[in-house]
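What follows is the residue order along each chain.
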Amino acid sequence: MIKNESYLNSKIWLSSPHMSGHEEKFIKEAFNTNWIAPLGPNVNGFEKDLESYLENNANVVALTSGTAAIHLALVLLNVSKNDEVICQTKTFVASVNPVTYLGAKPVFVDSEIDTWNMCPILLEQAINDRLNIGKKPKAIIVINLYGMPHKVKEIQNISNKYNIPIIEDSAEALGSSYFNKKCGTFGDLSVLSFNGNKIITTSGGGALVAKDIKTKEKTIFLATQAKDPGIEYSHTHVGYNYRMSNILAGIGRGQMEVLDNYVALRRKNYRYYYDQLSSINDIRFLNEPEGYFSNRWLTCIELPTNKMREDLLHLLQENNIEARPSWKPMHLQPIFKEYTSYLNGVSERLYKTVLCLPSGSNLTKGELDKIINLIKQYFG
Ligand SMILES: *Cc1c(COP(=O)(O)O)cnc(C)c1O
């Protein structure tokens, strides 16, 4: 189907790119100095910006995608064939695909209801169960779903107790924090994404956040074909071509100037939906537990039944509004059906009953009102 421009313009998107106007100066600079490639000042600058934003000795490597960052995180933790990696089942598929790139096996763990992220109780059960059959998991991949931080302290305690490292997939949670510490700094390795629909975008990109400079250097080495020092193109490790381009990093530098503003705008969207809709008994919002600060990447509402969620989804779609069910759990995905999971019903319930609403930082009040009025109408 050919969509004409007015159609595209009138559609209300779930989360569309939002350029600030600051991006082009960095791209122009790259053109003016012919620093199109290779790596250059924008890549270094973008990494510096992220490092000072995240604080806590974050050591950032800009990469081609969040998926690439997860892949390299697993490589850095020596995950290899037939190893097991514990993964939050309630997530986007990119959190788990890289596990299978390495021939390793995901073991899925369900969510708790306070943050919708990995349930610590079930995680500990899963670990003990794997230990009983002699399979110590190599890593734990935990998510900050829709921007909501996971139960950091509880998960870290388990990680320390059993000595299993954490990969924090913070692709959706740049700008979120937990007791004033930024998400993206809670894993032994953490991951960010700058895909087109994330809170800031480089059109496509990601980053790995390490705790020390040595790991940063090793990540850069692996991401640039693992070429040994010298000019002979000698290789003792398998490498990848995963570095971010200097042009795209320029977009990232411009986006970093407005990140906090975009977090405020997304939180304002959430607050507006909440103020307008929370008096409807059938609609539930996910509140922030004390000490939790979500960037509210997406505002999600939970309905009492699957039918109501489907009704609302279709109503919005018919009105040219992009809304979505929440992520289909990984243990329900045909590609992952052979793997073990530890379930409590939460992720399946959320999959059936949660609706993700348009949440971009560039939404207008008119657009929000249109969505809200349709939902109010539905509930009469
Ligand atoms: C977007 C996303 C990713 C993947 O990031 P890309 O940059 O698109 O590869 C990974 N995990 C989660 C939870 C995401 O939302």
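It should be emphasised that the depicted structure is a prediction, and the values quoted were computed from it without experimental measurement.

**Some details on the UniProt feature "modified residue: N6-(pyridoxal phosphate)lysine" (unreviewed entry) in the protein**
Line of reasoning, step 1. Sites flagged by UniProt as "modified residue: N6-(pyridoxal phosphate)lysine" (unreviewed entry) map to Lys 198.
Line of reasoning, step 2. If we skip the residues at most four places from it in the chain, Lys 198 touches Ala 171, Glu 172, Ser 193, Arg 266 and Trp 297.

**Things to note about the packing of helix H3 (residues 41–54) against helix H9 (residues 246–256)**
A packed helix pair is summarised by two numbers, namely the angle formed by the two axes and the spacing between the axes.
Line of reasoning, step 1. Contact geometry of H3 with H9 gives a least axis separation of 7 Å together with a crossing angle of 35°. Along this stretch, H3 crosses H9, giving a crossing that reads as left-handed. Contacts from Pro 41, Asn 42, Val 43, Gly 45, Phe 46, Asp 49, Leu 50 and Tyr 53 in H3 reach Asn 246, Ala 249, Gly 250, Gly 252, Arg 253 and Met 256 in H9.

**Some thoughts on the sheet that holds strand E5 (residues 166–169)**
Two modes of strand pairing occur in sheets, parallel and antiparallel, and in both the strands are linked by backbone hydrogen bonds.
Line of reasoning, step 1. Reading across the sheet, the eight strands line up as E1-E9-E8-E5-E4-E2-E3-E14 and stay open at both edges, with mixed pairing between neighbours. Since the sheet does not close on itself, it has two edges, and those belong to strand E1 (59–63) and strand E14 (341–342), each with one partner.
Line of reasoning, step 2. Relative to strand E3 (residues 105–109), strand E2 (residues 84–88) runs parallel, the two being bridged by five bridges. Across the sheet, Val 85 pairs through a bridge with Pro 106, a residue of E3.
Line of reasoning, step 3. Sheet strands in contact with H3 are E1, strand E8 (189–193) and strand E9 (206–210), and its direction is about 135° off that of E1.
Line of reasoning, step 4. Seen against the sheet, helix H8 (residues 213–223) touches E1, E8 and E9 and runs at an angle of roughly 15° to E1.

**Thoughts on helix H11 (residues 306–318)**
Within an α-helix, residues lying three or four positions from one another point in the same direction, as the helix has 3.6 residues per turn.
Line of reasoning, step 1. Between its first and last C-alpha atoms H11 spans 18 Å; for 13 residues at 1.5 Å apiece the expected length is 18 Å, and the two agree.
Line of reasoning, step 2. Considered for burial, the residues of H11 that qualify are Met 308, Arg 309, Leu 312, Leu 313 and Leu 316. Seen from one end, H11 has its buried residues packed into an arc of 135°, which puts them on one side. Exposed residues pointing more than 90 degrees away from the buried face of H11 are listed as Lys 307 and Glu 318.
Line of reasoning, step 3. Buried residues along H11 sit against strand E13 (324–325), helix H12 (346–353), strand E15 (354–357) and helix H13 (365–378).
Line of reasoning, step 4. A positive phi of about 65° marks Asn 320, the residue just after H11.

**Thoughts on the domain arrangement of the protein**
Line of reasoning, step 1. According to the domain assignment, the protein contains domain 1 (23–256) and domain 2 (259–378).
Line of reasoning, step 2. Between domain 1 and domain 2, the C-alpha centre-to-centre distance is 25 Å.
Line of reasoning, step 3. Between the two partners, domain 1 and domain 2, sit zero salt bridges.
Line of reasoning, step 4. Our enumeration of links across domain 1 and domain 2 arrives at 26 residue pairs in polar contact (both at pLDDT 80 or more).
Line of reasoning, step 5. The set of elements that each furnish at least two residues to the side of domain 1 that touches domain 2 consists of helix H5 (97–101), E3, helix H6 (120–132), strand E6 (177–178) and H9.
Line of reasoning, step 6. With five residues, the top contributor of residues to the side of domain 1 that touches domain 2 is E3.
Line of reasoning, step 7. The residue makeup of the side of domain 1 that touches domain 2, split by class, is 25 nonpolar, 13 polar and 10 charged.

**Concerning H6**
Line of reasoning, step 1. The first and last C-alpha atoms of H6 sit 18 Å apart over 13 residues, in line with the 18 Å expected at 1.5 Å per residue.
Line of reasoning, step 2. For H6, every residue scored as buried is listed here: Pro 120, Leu 122, Leu 123, Ala 126, Ile 127 and Arg 130. Down the axis of H6, the sector holding all buried residues measures 155°, keeping them to one side. Seen from the buried face of H6, the exposed residues on the opposite side, beyond 90 degrees, are Ile 121 and Asn 132.
Line of reasoning, step 3. Close packing links the buried residues of H6 with E2, E3, strand E4 (139–143), helix H7 (152–162) and E14.
Line of reasoning, step 4. Positive phi appears at Gly 134, one or two residues downstream of H6, with a value of about 75°.

Cut-off values and rules
- Residues numbered from 1 in each chain as written.
- Predicted model: local features only at pLDDT ≥ 70, side-chain atom pairs only at ≥ 80, totals over all residues.
- Heavy atoms only, no water.
- UniProt positions renumbered as here; feature names shortened; annotations may be inferred.
- Contact = heavy atoms within 4.5 Å.
- Axes fitted to C-alpha atoms, helices over the stretch in contact; angles between N-to-C directions.
- Helix = DSSP H or I, 4+ residues; strand = E, 2+ residues; numbered from the N terminus.
- Left-handed = near helix turned anticlockwise from the far one by under 90°.
- Pairing = 2+ DSSP bridges.
- Expected span 1.5 Å × (residues − 1).
- Buried < 20%, exposed > 50% of the residue type's maximum accessible area, 1.4 Å probe, protein only.
- Arc of directions from axis to C-beta.
- Domains from an automatic or database assignment.
- Salt bridge = Lys/Arg side-chain N within 4 Å of Asp/Glu carboxyl O.
- Polar contact = N/O pair within 3.5 Å; in protein donor to acceptor, adjacent residues only side chain to side chain.
- Nonpolar A, V, L, I, M, F, W, Y, C, P; charged D, E, K, R; others polar.

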